[in-house]
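Topology and contacts: notes
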Amino acid sequence: MTTRISLNQWLSFLTLLERRKNEACREQNGDTNNNFVKKKEAVQLEYIETAVSVALLLVQSLIGSTSPLDALQITIDNFTVVIDDTDDAKLLLLLLNLEENPDNENLQRIIESVSHLEFTPSILQNDSSAHAGGERQQSDNHLLREVGTVLHQLFCRAMKPPIVSIDVSSPDDGDSDEDHKDVIEQPGAKKGRTKHSLRVAQKMLRKASISNFDEHLLSYGVPRNLCRLIVDLIRWEGGNEETKFRSIEEVAEELIQIISKPDLLLYDSEAAGNKGQLSFGSTLYGRQNEAASFLRAVTLVSLGTMETHSKQLILVEGLPGEGKTHFVESLIRSSSEFGWIYIHAKFDPQSQPLSVVTSAFNRFFVNILANRSEQEYLANVVSSLQRNLPSSAIVSLCDLLPTIRILFPSVLRRVVSDEDLSSQSGVVVDDEFASGSQMSRRRLHFLFQKLINAVCSDQRHLALFFDDLQWADDRCMELLSALMIERDHLQELDDDDNDDTHCLFVGSFRSNETNDNLLSHFDNFEQSASVDVTKIELGGLTKVESNNMISEVLRIPTRLTSPLNEVVQRKTTGNPFHIITFMHSLVKDSILSYSLSDHRWVWDIEAVKSTSIDKTVLDLLARKFALLPDNIMDALKVLSCLGPKVDDALMKFLYTSPESRNEFIACLDSAVGENILEKNEDTAYSFVHDMLKQLAYAIMSEEEKGKNHFWIGMQLIAHANAETDEFNATNFSIVDQINAAKSYGVTEEALHIKFAELNLKAGKISIDVSDFQCAFSYMKAGVSFLKGWQNGQYYDLSLQLHESAALVSYINTDIGLMQSYLKILFENAMCFEDRLHGYLVMIQSMISVQKQGDAMRKIMFILEELGESISIDVNHKDAYEEVASTKSLLDGRSVEDVINGKRMTDKKLRWTLKFLTLLCHVLYPASKPQALCMTACRVVKLSVEHGFCSDSAEGLQIYGFGVWNFSNDVEECLKWNRGAKRLVESLGAKHMIPRVTMNLNTASYWNEPLQAKIESLKETHRELVMVGDKDNLLLNGVHFVRRSLLCGRNLLTAERECAALLNEIHQLRQMNGLLPMISNHLSILKLIGSNYDSEQQLNEPLFHLLGNSEIKCQDGLLQHALSNGLTGFVQHCYFDRLLHAFWSKNYEEAAHYAEKYSECHQFRHFPDMFQTFYLGITAFHLARLEDSKTREWHDVGKKALSKYQTWVKYSDWNWENKMLLLEAESHVCEGELEMAKSKFRASIDSAQRHRFIHEEGLASELFGMFYDENGNKEEAIQQYSHARSCYQKWGAFALADRLYKSTAN
């Protein structure tokens, strides 16, 4: 329900309420109290806020009027206020019986209950004159003046404009101004129109000073922008053509703008202009469509609505100055109130790219550690990292991010240095070189994947912003690709409770500075099914957007800034940074200034038009820099040689005296005043924009650049090194500055040795954190400072630099450069032992390119030089005797004796063991088991005689496998596999622990449940990644998939894991690792049942990974293995064929491949147990065919059964159900039907108890076949049904379908 009162009456209520509030303030505070003045101003502002909202309703009522406004007279009496009194009986009663003097509460209710205004038109007298010439402009003139008059009354407490109240006898009598003094009505004066004609009013208005009119309005507390609005309405025809109102709709638009931005346009504030400086703030102007696209991705991450678990990536591109960083930060920080975490890595030409990323995470943890309210969150992050990273990985992560060391004190105390490392023996045992570039990068990727998973969650989303990607190197782009695209084995095998889809990835780049490599990565993102890419291109601001920007900065409505914006837009093409730079230049040149008399920004539009903006913004900035005093420019040049920010700590090192430091800071503060620098909350200085830093650096000559870099480096050497002995981020800055200076020809030869030593340290630490590109640049620089090989005092420095340079060249796959460094090393090394590090790198490079023969010969040569003669042409008898003699040597020794016994300290012997174990690595894939055993036994014998070290562990394990192969001594094998692990753990040889753990896992199937080691294999996989052991990583992956398949793990899960491992191995470019994994994958797919129409289609997605057009199907795999003499892989292929034939019940084919598998047998493997089982079942079925081979097949089956009856003693969990099934089939062959039934049931029960769902199905199917053969169809159907159910639970839908089809009748 609504009630109507006149606008005059409503206005009287508003005025009365204001007067009463002022009186109340006076009574409380007294007339002269300062507090009264403030409260009066607040009451006045409250009046204005209410009046301006009603003013908008008034104008809107005119816009909605159906009457022709140009023919109407518009006064305050034409308006009615509609009060919404719905559900308010008291208000209704008040309005129906208006009191003469309502109390304040009722007045407030009336004022606040305005719904809208209604306009009741009255005809304008002599309105025909308005159309005499058909001039619409005159009618608009009349309408806008009348509206201005009404708004004046509304804001000035019902008072009419002073010019309207002038008492003039005749409009054309030429009276002077003195004769027409303003007669401003006082409160309580009689209302009504004057006798003066409109023409006289116009004449007098033109004579009146607009400033006087402003002062009159200001006396009523009318804000300046509303003053200007009213003045421009009343003096319509006298205003600026570009800023005058042209319609009543424009008036409404300006009122809406003022109401929507009260802090900028309604409330008068001189703070923004008193210093004569522009403040552009952090508001995001325009970009509505772009922001909507950005926020869509933010919402998807926030709500977790990515059905396919795809990552969200936003790529923001634009020219320099388009506001890419500001755009991203504005939108991300607006999400911070919802728990978002923001990490910003901004690449910079003067900084190492990877250090930019690590520094960003370091800053994040510094802030989190300092915030007490984040302690629970921090505890969750630590818990996640400890749960999902091995200790060695946490140590590596702490090396990358020193800030988090404080979070892992127990881990860092527990991971001690290897007691027999090179610090004691002079032998490097770090296997970093063995990993290669790809492996080391995978390790880095793995650490960041786990870090991000720990940092973000469904409660705390992460926005990771990689800014200015055009300056990122390959390593950082590969890291981003790994975080975005890779759903590899480390992800698939991981049961981590966090999900990295809670992370929003954002990248920005300059569209005019891209390169093919960067665009290639972007293409990969778009083509990846795991990435949802949102591309946003930022261009210049539109005229409307730039006008809004200028309007808010100047705190003036857009109507008034429009002429200025037209010129600025034309000169800057809407580029935000160009606009800001140009506007600041106008202030600098006093073309745009803050008027203290007018209390607003003013400008000379003609001067703005004549001001030239240079061809590029850099030219404009250069002109600005040229006007700076020399001392400020010198400070900016120093700043441009440093990283993104310079804080107090760094300035303390550069300027050691308080006077020089204060002078430098004063220069920086002056640059802040010039809008060149910005000062952050942590008192760190940085350039406002990258282009400013680029320009400050570019204007220096090469000599000046070199001198500045050298001065910075030397200051840091002199003062920062004294702070700590640890090689920290400051030390890296020293090296970077010294190297940069040398590149510009500035150095000091007397200090070259010191510079070379610093580069060596920086390079070694870079190797530790897997940043091999930086490591190479440091090693290369270190070598260059030597100016040739140095003997004498600096011989060791030359040796280490060339060794390390060769190592990182190999890791970065620059074999030519590696060879050149090795050549210098070999030519200048003073003894054979000093060449051994180089030989180690050379041999590994041979292995990496599949030159095992060359590697083997080189190792044999080195062993000969070390005094160790060993042959690789070994027969079975010799190997057996060597294993037996080694066993005799170890008899009577316990594992504790080895662990607590003497250590090998002889340097030459340590090198001998190092190359003997390296020889083992070459012999294993070369399928030389006898030579492998001989070499391992030699390692053990040397260790027993001279002491044990970390390399002894592998010898013990391989010896263990040898004694199992030659003597069937399982206990001895397990004893020394376990002992080897305890040995390396006691030595703290963390790089060896994953390798020996993998070997122990391989042997564990004898006596531990097959399913139990799945988790251990996952953990070992992570550890192998962290130590960079690529060769054993591949072996572990193959064994994992084999065990997953053979232990009855769900095939759908196994397929996903195998596919993920395939992608990982493909990324490592390991052809020999791909072959067995593809064969495994095909076996799993065939059991699952493929949707592909043909075998060729089934194979295509896999075989393209090989990059070998000759291998197109499973037969191609076998032929490749046969033609290349890959005996181990040939056996692998035959087993996969045996497995498929067996489960398909093609027993003759299964028997054929079982025989082929045996022909390749050289060393016992885990699949041997299943080959025996499959062959035994196959043999018993073939024996029932009653042909000439029946007896022969029966004997084969009994032999298999006999083996299982022995093996079950080691583990009834693993082998009992298989033994019982073999016994059942044996009884069937011998006609012992009741015994067969009993064994079938026992086998099904054992498989069920031991969770072998696939073999439970197998036993049921064979039991059904038994019933079927003996005419019991009903029992057969029950067993077949149970078998199908088991196969479906296993995921072997192809087997379930085969069984259904074969038993359908």
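Residues numbered from 1 in each chain as written. Predicted model: local features only at pLDDT ≥ 70, side-chain atom pairs only at ≥ 80, totals over all residues. Heavy atoms only, no water.

Topic: the overall build of the chain
- Each helix and strand in the chain was counted, giving 60 helices and 14 strands.
- With 1305 residues in all, the chain has 56% of them scored as buried.
- Relative to all contacts within the chain whose residues are 6 or more apart in sequence, the contacts with residues 24 or more apart total 73%.
- As displayed, the chain has an accessible area near 55000 Å², and 48% of this comes from carbon and sulfur atoms. (Helix = DSSP H or I, 4+ residues; strand = E, 2+ residues; numbered from the N terminus. Buried < 20%, exposed > 50% of the residue type's maximum accessible area, 1.4 Å probe, protein only. Contact = heavy atoms within 4.5 Å. Areas by Shrake-Rupley, 256 points an atom, 1.4 Å probe, with all protein chains shown as cover.)

Some thoughts on the packing of aromatic side chains
- What the rule picks out here adds up to 49 aromatic pairs.
- A cation sits over an aromatic face here: Lys1145 above Phe1142, 5.7 Å from the ring centre.
- Against the face of Phe1252 rests Lys1218, its NZ or CZ located 4.2 Å from the ring centre. (Phe/Tyr/Trp six-rings, centres within 6.5 Å; stacked < 30°, edge-to-face > 60°. Lys NZ or Arg CZ within 6 Å of the ring centre and 35° of its normal.)

Quick look at the pattern of salt bridges
- By the definition in use, this model includes 49 salt bridges.
- A salt bridge links Glu18 to Arg157, with the nearest nitrogen and oxygen atoms 2.6 Å apart. Residue Glu18 is found in helix H1 (residues 7-29), and its partner Arg157 is found in the loop between helix H5 (136-155) and helix H6 (198-207); the two are separated by 139 residues along the sequence.
- Given the relative accessible area of 10%, Glu18 is considered buried.
- Salt-bridge contacts for Lys637 lead to Glu704; the nearest nitrogen and oxygen are separated by 2.9 Å. Placement of Lys637 in helix H27 (residues 630-640) and of Glu704 in helix H31 (residues 702-719) is noted, with a sequence separation of 67 residues between them.
- Among the residues examined, Lys637 registers a relative accessible area of 12% and is labelled buried. (Salt bridge = Lys/Arg side-chain N within 4 Å of Asp/Glu carboxyl O.)

Here we look at the sheet that holds strand E1 (residues 2-6)
- Sheet architecture is open: 3 strands sit in the order E1-E3-E4, paired in antiparallel fashion. Only two strands of the sheet have a single neighbouring strand rather than two, namely E1 and strand E4 (114-119). Across the sheet, the mean angle from the axis of one strand to that of its neighbour is 30 degrees, orientation sign disregarded.
- By the bridge criterion, 5 bridges tie E1 to strand E3 (residues 79-84) in an arrangement that is antiparallel. (Pairing = 2+ DSSP bridges. Axes fitted to C-alpha atoms, helices over the stretch in contact; angles between N-to-C directions.)

Quick notes on empty space enclosed by the protein
- Within the structure shown, the criterion is met by 7 cavities of 30 Å³ or more.
- Here the second largest cavity is characterised by a volume of approximately 90 Å³.
- Every residue along the wall of the second largest cavity is listed here: Leu14, Leu17, Glu18, Lys21, Val43, Glu46, Tyr47, Thr50, Gln108 and Ile111.
- Elements with a contribution of two residues or more to the lining of the second largest cavity: H1, helix H2 (34-63) and helix H4 (104-112).
- Of the residues contributing to the lining of the second largest cavity, the split by class is 5 nonpolar, 2 polar and 3 charged. (1 Å grid on protein atoms, 1.4 Å probe; cavity = no way out; pocket = protein on both sides within 12 Å on 5 of 7 lines; lining within 4 Å. Points joined across faces, edges and corners; volume = space filled by probe spheres on them. Nonpolar A, V, L, I, M, F, W, Y, C, P; charged D, E, K, R; others polar.)

Re the sheet that holds strand E6 (residues 311-318)
- As summarised here, the arrangement of the 5 strands in space is E7-E8-E9-E6-E10, forming an open sheet in which the pairing is parallel. Every other strand in the sheet has two partners, leaving strand E7 (341-346) and strand E10 (531-538) as the edge strands with one partner each. Going from strand to strand, the sheet's axes swing by 15 degrees on average, the running direction of each strand aside.
- Sheet topology places E6 next to strand E9 (residues 503-510); 7 bridges connect them, and they run parallel. The residue of E9 that forms the bridge with Gly318 is Arg510.
- Across the face of the sheet, helix H11 (residues 288-303) comes into contact with E6, E9 and E10 while running at roughly 155 degrees to E10.
- Running over the sheet, helix H12 (residues 324-333) touches E6, E7, strand E8 (462-467), E9 and E10 and is turned about 165 degrees from E7.

Some words on the nonpolar core
- If you look at the biggest cluster of nonpolar residues, it comprises 238 residues, and the most contacted ones within it are Leu636, Phe915, Trp1143, Tyr1174, Tyr1287 and Trp1290.
- With sequence-adjacent residues up to four places away left out, Phe915 is seen in contact with Leu836, Tyr839, Leu840, Ile843, Ile859, Ile862, Leu863 and Leu866.
- Listed in part, the 63 residues of the second largest apolar core include Leu354, Val357, Tyr377 and Met484. (Core = buried A, V, L, I, M, F, W, Y, C linked by side-chain atoms within 4.5 Å.)

Let's talk about the pairing of E7
- Counting buried positions along E7 yields 5 of 6 residues, so the element is predominantly enclosed.
- Summarising the sheet, E7 and E8 pair through 6 bridges and their orientation is parallel. Note that in E8 the partner of His344 across the bridge is Phe465.

Quick notes on the environment of Arg1241
- Within the secondary structure, Arg1241 is located in helix H57 (residues 1233-1249).
- Here the alpha-carbon distance between Arg1241 and Leu1220, two residues 21 residues apart in the chain, equals 9.0 Å.
- Residue contacts for Arg1241: discarding those within four places in its chain leaves Phe1263 and Tyr1267.

Describing the side chain of Thr611
- Within the secondary structure, Thr611 is located in the loop between helix H25 (605-610) and helix H26 (617-626).
- For Thr611, a relative accessible area of 12% gives the class buried.
- Among the polar contacts listed, one links the side chain of Thr611 to the backbone oxygen of Ala607, at a separation of 2.8 Å.
- Setting aside chain neighbours within four positions, we find Thr611 in contact with Lys571, Phe582, Leu586 and Ile591. (Polar contact = N/O pair within 3.5 Å; in protein donor to acceptor, adjacent residues only side chain to side chain.)

Some remarks on the side chain of Glu882
- Along the polypeptide, Glu882 turns up in helix H39 (residues 876-890).
- Judged by relative accessible area, which is 17%, Glu882 ranks as buried.
- When residues no more than four places from it in sequence are discounted, the contact partners of Glu882 are Met934, Cys937, Arg938 and Lys941.

Considering the environment of Tyr1204
- Tracing the backbone shows Tyr1204 in helix H55 (residues 1190-1207).
- A C-alpha to C-alpha distance of 7.6 Å links Tyr1204 and Lys1218, two positions 14 residues apart in sequence.
- The contacts of Tyr1204, once residues within four sequence positions are left out, are Met1169, Phe1170, Thr1172, Phe1173, Trp1215, Lys1218, Met1219 and Leu1222.

Observations regarding the packing of H27 against helix H30 (residues 690-698)
- Closest axis-to-axis distance for the H27/H30 pair is 8 Å, and the angle between their directions is 105 degrees. The angle between H27 and H30 places the two elements in the roughly perpendicular class. Here Met633, Leu636, Lys637, Leu639 and Ser640 of H27 come into contact with H30, specifically with Lys693, Ala696 and Tyr697.
- Taken together, the residues of the contact of H27 with H30 sort by class into 5 nonpolar, 1 polar and 2 charged. (Parallel < 35°, antiparallel > 145°, perpendicular 65-115°, else oblique.)

A closer look at unusual backbone geometry
- Even without being glycine, Ser590 reaches a positive phi, approximately 60 degrees.
- Inspection of the secondary structure puts Ser590 in the loop between helix H24 (576-588) and strand E11 (592-595).

Here's the deal with the confidence of the model for the chain
- Overall, the predicted model of the chain reaches an average pLDDT of 82, with 84% of residues at or above 70.
- In this model residues 414-435 is a low-confidence stretch, pLDDT under 50, and it forms 59 contacts with partners more than four residues away in sequence or in other chains.
- Segment residues 488-492: pLDDT under 50, and 22 contacts once partners within four positions in sequence are set aside and those in other chains are kept. (pLDDT = per-residue confidence, 0-100.)

As for helix H60 (residues 1293-1302)
- Taken residue by residue, H60 has Leu1295, Ala1296 and Leu1299 as its buried positions. One side of H60 carries all its buried residues, which in axial view fall inside an arc of 100 degrees. Residues of H60 that are exposed and point more than 90 degrees away from the buried face comprise Tyr1300 and Lys1301. (Arc of directions from axis to C-beta.)

Remarks on H24
- Its 13 residues place the ends of H24 18 Å apart at the C-alpha level, agreeing with the 18 Å of an ideal helix rising 1.5 Å per residue.
- Counting buried positions along H24 yields 11 of 13 residues, so the element is predominantly enclosed.
- Listing the buried residues of H24 in full gives Pro576, Phe577, His578, Ile579, Thr581, Phe582, Met583, His584, Ser585, Leu586 and Val587.
- At the N-terminal boundary of H24, the capping side chain belongs to Asn575, with an oxygen 3.1 Å from the backbone nitrogen of Phe577. (Expected span 1.5 Å × (residues − 1).)

Describing the packing of helix H41 (residues 907-923) against helix H42 (residues 929-946)
- For the pair H41 and H42, interaxial distance at closest approach is 9 Å and the crossing angle is 160 degrees. By the angle between their directions, the pair H41 and H42 is classed as roughly antiparallel. In this structure, H41 meets H42 at a crossing whose hand is left-handed. The segment H41 lies against H42, with Leu909, Thr912, Leu913, Leu916, Thr917, Leu919, Cys920 and Leu923 engaging Ala931, Leu932, Thr935, Ala936, Arg938, Val939, Leu942, Ser943 and His946.
- Looking at side-chain class alone, the contact of H41 with H42 contains 11 nonpolar, 5 polar and 1 charged residues. (Left-handed = near helix turned anticlockwise from the far one by under 90°.)

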